[in-house]
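So the chains spell out like this:
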Amino acid sequence: MSTSSAGRAPDRAELTRALGVAIDPDLLELALTHRSWAYENGGAANNERLEFLGDAILGQAVTVMLFTNYPSLDEGDLAKRRASLVSAVALAEVARSIGLGEHLKLGRGEQLTGGRDKSSILADAVEAIIGAAFLDRGDDAATDLVLRLVAPLVADPTRFGAAMDPKTSLQELAARLGHGLPVYELTDTGPDHSKRFTATVLLAGAPIASGEGTSKKQAEMAAALEAWTALQARRPA
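Throughout what follows, the structure given in this document is the object of discussion. (Residues numbered from 1 in each chain as written. Predicted model: local features only at pLDDT ≥ 70, side-chain atom pairs only at ≥ 80, totals over all residues. Heavy atoms only, no water.)

A closer look at the overall build of the protein chain
Rules: Only runs of H or I of at least four residues qualify as helices and only runs of E of at least two qualify as strands under DSSP, and these elements are numbered from the N terminus. Radius of gyration here is computed from C-alpha atoms only, and the compact-globule reference equals 2.2 Å multiplied by the residue count raised to the power 0.38. Between buried and exposed lies partly exposed: a residue is buried under 20% and exposed over 50% of the maximum accessible area for its type, with that area taken using a 1.4 Å probe on protein chains only. The contact criterion used throughout is that any non-hydrogen atoms of two residues lie within 4.5 Å. Every accessible area reported is derived by Shrake-Rupley at a probe size of 1.4 Å, with residue values counting cover from the shown protein chains alone. Counted charges follow a simple rule, with Lys and Arg positive, Asp and Glu negative, and His plus the chain ends left uncounted. Here the site of a charge means NZ on Lys, CZ on Arg, CG on Asp, or CD on Glu.
Secondary structure assignment for the protein chain yields 12 helices and 3 strands. What you see for the protein chain is a C-alpha radius of gyration of 18 Å, in line with the 18 Å of a compact globule of 237 residues. Oriented by its inertia axes, the alpha-carbon framework of the protein chain measures out at about 50 × 45 × 40 Å. For the protein chain, the residues scored as buried account for 42% of the 237 residues in total. Here the analysis covers contacts within the protein chain between residues at least 6 apart in sequence; of these, 54% occur between residues at least 24 apart. Total accessible area computed for the protein chain in this model is approximately 12200 Å², and 53% of it derives from carbon and sulfur atoms. Across the protein chain, the centroid of the 24 positively charged side chains sits 4 Å from that of the 31 negatively charged ones.

Concerning the pattern of salt bridges
Applicable threshold: A side-chain nitrogen of Lys or Arg and a carboxyl oxygen of Asp or Glu constitute a salt bridge if their distance falls within 4 Å.
Per the counting criterion, the structure on display carries 9 salt bridges. Taking the shortest distance from any N to any O, the salt bridge between Lys-118 and Glu-110 comes out at 2.9 Å. Taken as a pair, Lys-118 and Glu-110 share a single burial class, namely buried. Residue Lys-195 pairs with Asp-188 through a salt bridge whose shortest N-O separation is 3.0 Å. Classification of Lys-195 as partly exposed rests on a relative accessible area of 24%. On the basis of relative accessible area, Asp-188 is assigned to the partly exposed category, the value being 40%. Salt bridges linked by common partners bring Arg-12, Glu-29 and Lys-105 together as one network.

Concerning unusual backbone geometry
With phi around 55°, Ala-204 is a residue other than glycine that occupies positive phi space. With respect to the element layout, Ala-204 can be found in the loop between β2 (196-203) and β3 (206-213). Residue classification places Ala-204 among the exposed residues on the basis of a relative accessible area of 74%.

Below, the structure written as structure tokens:
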């Protein structure tokens, strides 16, 4: 459920069920608070410090899981898989799967420009929630949360590969389906020191998906995974 026009917050119990762990309500609210909301509300605290903490916990949990579960992989392959699972593209996909965007506290500007589905905002919020879980429930609970969140991606080898290298995966799938090579169109907004990029993927001249990021590469990767997902859904069973 989404936030009402009167500003009423959605039911956090729904999010708690999706996460599989109860987090202190105040910490959870902080983890969901984007800097745009904080700025519009007198400089209140935002989720950036929790994001910093969660990023470290995420990296450690994924590293240990890959090292333990894939004994035959060398260091290079392990590093590639870890990079794919902790990327903004993968975390945004995780966020969408649990409906996280509906629970975010965003400023009016971000809400009006689709902030609830921006990959960078969603990914940051996932990391912040992991950080909040660590502070409230401890290391084991936070690690368990990480493993639950990334498990669907790890369990699907096809999607795992797409998240690891979405541009190559899209190019290969588009070729198999006879759509030709993907073309990326890029736009950017914001000042030079804080630009945000939007990439739109075109196949046979028609837009199929878009993605955002703080770099051109990140935006293109997000768009490529969205396009790959859309093409996969269209394939005959």
